[in-house]
Amino acid sequence: QVQLVESGGGLVQAGGSLRLSCAASGDSFSRYSMGWFRQAPGKEREFVSAISRSARTIHNADSVRGRFTISRDNARNMVYLQMNSLKPEDTAVYYCRAQVREYYYWGQGTQVTVSS
């Protein structure tokens, strides 16, 4: 019903910044709650940040609170994750997720590597 494509990942030094983007297509973007998840090698996929349809409600994992900021632009069918003060433990593949009712849709992921 919706297709998601992440971009903006790359290699950055500790303390640096990176902005991830997620482009959605295939349906009305404003109908979906959106979120970012990440998965490091050998570990479970974990929640990072989420934003409601209207952007009135935002949730952040404790590990990124104060450093990462999620936002969305419904007119452009885009969701973003601004990442500041990056740490080596932020290294992971970052995934965009859309949700409506009981349905979930995932992007292919984008690699973020933070060097010490």
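Every chain is numbered on its own, with residues counted from 1 as its sequence reads. It should be noted that, the model being predicted, local features are given only for residues of pLDDT at least 70 and side-chain atom pairs only at 80 or more, the latter also being counted only at that level, while totals for whole chains, interfaces and linings use all residues. Hydrogens and waters are ignored; side-chain quantities use all the structure's heavy atoms.

**Observations regarding the nonpolar core**
Applied cut-off: Buried Ala, Val, Leu, Ile, Met, Phe, Trp, Tyr and Cys residues that are joined via side-chain atoms within 4.5 Å together make up what is termed a nonpolar core. Relative accessibility under 20% of the residue-type maximum defines a buried residue, over 50% an exposed one, and the middle range a partly exposed one, all with a 1.4 Å probe and only protein chains included. For helices the rule is a DSSP run of H or I covering at least 4 residues; for strands it is a run of E covering at least 2, with both sets numbered from the N terminus onward.
Core analysis: the largest hydrophobic core is formed by 29 residues, its most contacted members being Leu 4, Met 34, Trp 36, Val 79, Leu 81, Met 83 and Tyr 94. Of all the secondary-structure elements, those providing two or more residues to this core are strand 3 (18-25), strand 4 (33-39), strand 5 (46-51), strand 7 (68-73), strand 8 (78-83), strand 9 (92-100) and strand 11 (110-115).

**Looking at the state of the cysteines**
Every disulfide links exactly two cysteines, by a covalent bond between their sulfur atoms. Formally: For the purposes of this analysis, a disulfide is any pair of cysteine sulfur atoms at a distance within 2.5 Å.
A full pass over the atoms with the stated rule returns 1 disulfide. The partner cysteine of Cys 22 in its disulfide is Cys 96, sulfur to sulfur 2.1 Å. Judged by the sign of its S-S torsion, about -85°, the cystine formed by Cys 22 and Cys 96 is left-handed. Pair noted here: Cys 22 is in strand 3 and Cys 96 is in strand 9, with a separation of 74 residues, a long-range link. For Cys 22, a relative accessible area of 0% corresponds to the buried category. On the accessibility criterion, Cys 96 (0% relative accessible area) is buried.

**Side note on unusual backbone geometry**
For residues besides glycine, phi is generally negative; the peptide bonds are generally trans as well. Its identity is not glycine, yet Asn 77 carries a phi of approximately 55°, on the positive side. Tracing the chain through its elements places Asn 77 in the loop between strand 7 and strand 8. Of note, Ser 85 is a non-glycine position whose phi angle comes to about 50°, a positive value. By secondary structure assignment, the location of Ser 85 is in the loop between strand 8 and strand 9. With a relative accessible area of 42%, Ser 85 lands in the partly exposed category.

**Details of the environment of Asp 90**
Note the threshold: The criterion used for residue contact is that any of the two residues' heavy atoms lie within 4.5 Å.
Structurally, Asp 90 can be placed in the loop between strand 8 and strand 9. Classification of Asp 90 as buried rests on a relative accessible area of 0%. When the C-alpha atoms of Asp 90 and Ala 14 are compared, they prove to be 9.4 Å apart, with 76 residues separating the residues in sequence. Those residues in contact with Asp 90 that lie beyond four places of it in its chain are Arg 38, Arg 67, Phe 68, Ser 85, Val 112 and Val 114.

**Some thoughts on the side chain of Arg 38**
Selection criterion: We define a polar contact as two N or O atoms separated by no more than 3.5 Å, with the added condition that, inside protein, one atom must be a possible hydrogen donor and the other a possible acceptor, whereas residues neighbouring each other in sequence contribute only through side-chain atom pairs.
Mapped onto the fold, Arg 38 is located in strand 4. Separated by 3.0 Å, the side chains of Arg 38 and Asp 90 make a polar contact. Non-local contacts of Arg 38, meaning those with residues more than four positions away in its chain, are made with Glu 44, Arg 45, Glu 46, Val 48, Ser 63, Val 64, Phe 68, Glu 89, Asp 90, Ala 92, Val 93 and Tyr 94.

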